[in-house]
Amino acid sequence: MKRIFKGLLAALLVCCSIPVLAQQAQPIPTDPNVRIGKLENGLTYYIRHNNLPEGQADFYIAQKVGSILEEESQRGLAHFLEHMCFNGTKHFPNNRLREYLENIGVKFGANLNAYTAMDETVYNINNVPIHKVPAAIDSCLWILRDWSDGLTLGEEEIDKERGVIHEEWRTRMGATMRIYEKVFPLTFPGSQYANRLPIGTMEVVDNFPYKALRDYYEKWYRPDQQGIIIVGDFDVDQMEAKVKSIFSDIEMPANAADRIYYPVHDNKEPIVTIATDKEQQRVIIQYMTKHNAIPNEAKNDVNYLVMNFAKSMMSQMFSDRFDELVEQSANPPFMGATVFDDDYLIAKTKDAFTGYAVCKEDGIETALTTLVREMERARRHGFTEGELPVPKPITCVPWKMHTTNVARRKTRSMPKSTCAISLTTSPSPASKPNIP
Ligand SMILES: [Zn+2]
């Protein structure tokens, strides 16, 4: 057992992009209750019946585009556009969209919301009372359709929103974001990721010409980058028919631009970045070793689940060791630490094996030395059988999370995993695969 874990850890460290058990690859069956289809224009839909809570439904549109695709003169406009989705559309001019939804009990902020990230932008309308207000099904589908290609983008509304976003930048731009702004140009040298935080620059937000926003919208909000996700207490056949009739005539733009997934370059010499902020109280150390991200095509088989399971156990065993170190020492090397393997900071195209520690300002050297030593110790010697987190695997097993009491899973919990499939093709397993 010890050797197995040492082997797994070595594999994680060296070649995360290559499935460990390549010869045993077995595709994971998708949840048969999700109706998946692709329209001729490239738009994909995911529809699933679920009656918890009864009489309600959730509607999502996931766009595989975000701030990474902005030109220099558009920095901040992916996020600006997200705001404009609530400020006038073809079928819901001015404030009508919010007014209509609030009227039927869908509250802005709580049940109606959106977020913009570097590589994706996702909108949600939750807990729509479709039994009490049957017409809400069509209305919500038309809202998604308007978001897809029917935004008004009126000049007056755009100008009003500049102030709103400026205020968001002023009030919500915390220490973490300011540190990211300083650090990313150094940790992503020569990459598009260096300068594309969704909040953008206030110079652009305050001054951009209307055309810059419309250009981004026309170029990137298009059916081949969009997924519609609907989960709730309805008839799936009827919902699919509605989706087909409402979304099929959206046209792809002529000569559509390539949706590039920007690479993160490897570096021969270590990159060291240090940033400070007056509101950042604690010292955080991150020690990262980059490796290729697992390609989307490789995420739909058993190896991917096994890899993730091994990663979560590895993290747990590291955390247990660190907790012990902290508890048993009168003068601990750090306040807390962990090790994980995930995205390289915010990149979609690069992963990193990461050690993370929180320490005091006068303890940076000790904390970093201990963190690196522990990572190296595990790489050389692995973990012992006794360290295996015995009670935890059951809850960690990914297909268990997906299938346990599927009948009792709430509608709200489903679109998250379905969104993940829509955005990355991560698995949404239906039943326990046979792992040899
Ligand atoms: Zn915002």
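Here the structure is shown first, and the text comes after it.
For the structure given in this document, a descriptive report is provided here. (Residues numbered from 1 in each chain as written. Predicted model: local features only at pLDDT ≥ 70, side-chain atom pairs only at ≥ 80, totals over all residues.)

**Details of the environment of Asp 249**
Phase 1 of the analysis: Along the polypeptide, Asp 249 turns up in the loop between α9 (236-247) and β7 (283-292).
Phase 2 of the analysis: Taking C-alpha positions, Asp 249 is 9.1 Å from Glu 40, a pair spaced 209 residues apart along the chain. (Helix = DSSP H or I, 4+ residues; strand = E, 2+ residues; numbered from the N terminus.)

**So, helix α11 (residues 364-381)**
Phase 1 of the analysis: Its 18 residues place the ends of α11 26 Å apart at the C-alpha level, agreeing with the 26 Å of an ideal helix rising 1.5 Å per residue.
Phase 2 of the analysis: Looking one or two places after α11, you find Gly 382, whose phi comes out positive at around 70°. (Expected span 1.5 Å × (residues − 1).)

**Let's talk about the pairing of strand β6 (residues 226-232)**
Phase 1 of the analysis: Across the seven residues of β6, seven count as buried, placing the element largely inside the fold.
Phase 2 of the analysis: Burial along β6 is two-sided: the face carrying Gln 226, Ile 228, Ile 230 and Gly 232 and the face carrying Gly 227, Ile 229 and Val 231 are both buried.
Phase 3 of the analysis: Summarising the sheet, strand β3 (residues 56-63) and β6 pair through seven bridges and their orientation is antiparallel. Across the sheet, the residue bridging to Asp 58 is Val 231, located in β6. (Buried ≥ 20, exposed ≤ 12 C-beta atoms within 10 Å, placed from the backbone. Pairing = 2+ DSSP bridges.)

**With respect to the sheet that holds strand β8 (residues 336-343)**
Phase 1 of the analysis: The three strands lie next to each other as β7-β9-β8, forming an open sheet whose pairing is antiparallel. The open sheet has two edge strands, β7 and β8, and neither has a second partner. Strand-to-strand twist of the sheet, defined as the mean angle between neighbouring strand axes without regard to direction, takes the value 15°.
Phase 2 of the analysis: With 10 bridges connecting them, β7 and strand β9 (residues 350-359) associate as antiparallel partners. Following the sheet pairing, Val 283 is matched in β9 by Cys 359.
Phase 3 of the analysis: Relative to the sheet, α11 contacts β7, β8 and β9, its axis offset from that of β7 by approximately 30°. (Axes fitted to C-alpha atoms, helices over the stretch in contact; angles between N-to-C directions. Contact = placed C-beta atoms within 7 Å.)

**What about the nonpolar core?**
Phase 1 of the analysis: In this structure, Phe 59, Ile 125, Val 128, Cys 140, Ile 228 and Ile 230 are the most contacted members of the largest nonpolar core, which totals 62 residues.
Phase 2 of the analysis: Element by element, the count of residues in this core is highest for helix α4 (residues 135-149), at six residues.
Phase 3 of the analysis: Domain assignment of the residues forming this core places at least three in each of domain 1 (2-28 + 263-424) and domain 2 (34-247).
Phase 4 of the analysis: If near-sequence neighbours (up to four positions away) are discounted, Ile 230 is found in contact with Ile 47, Ala 57, Phe 59 and Met 239. (Core = buried A, V, L, I, M, F, W, Y, C linked by C-beta atoms within 7 Å. Domains from an automatic or database assignment.)

**Notes on the packing of helix α2 (residues 77-84) against helix α5 (residues 155-172)**
The packing of two helices is summarised by the inter-axis angle and the distance between the axes.
Phase 1 of the analysis: The interhelical angle for the contact between α2 and α5, taken along N-to-C directions, is 115°, at an axis separation of 10 Å. α5 is crossed by α2, and the crossing has right-handed handedness. Between α2 and α5, the contacting residues are Phe 80, His 83 and Met 84 on the first element and Glu 157, Ile 158, Glu 161, Val 164 and Ile 165 on the second.
Phase 2 of the analysis: Here the residues of the contact of α2 with α5 sort into five nonpolar, one polar and two charged. (Left-handed = near helix turned anticlockwise from the far one by under 90°. Nonpolar A, V, L, I, M, F, W, Y, C, P; charged D, E, K, R; others polar.)

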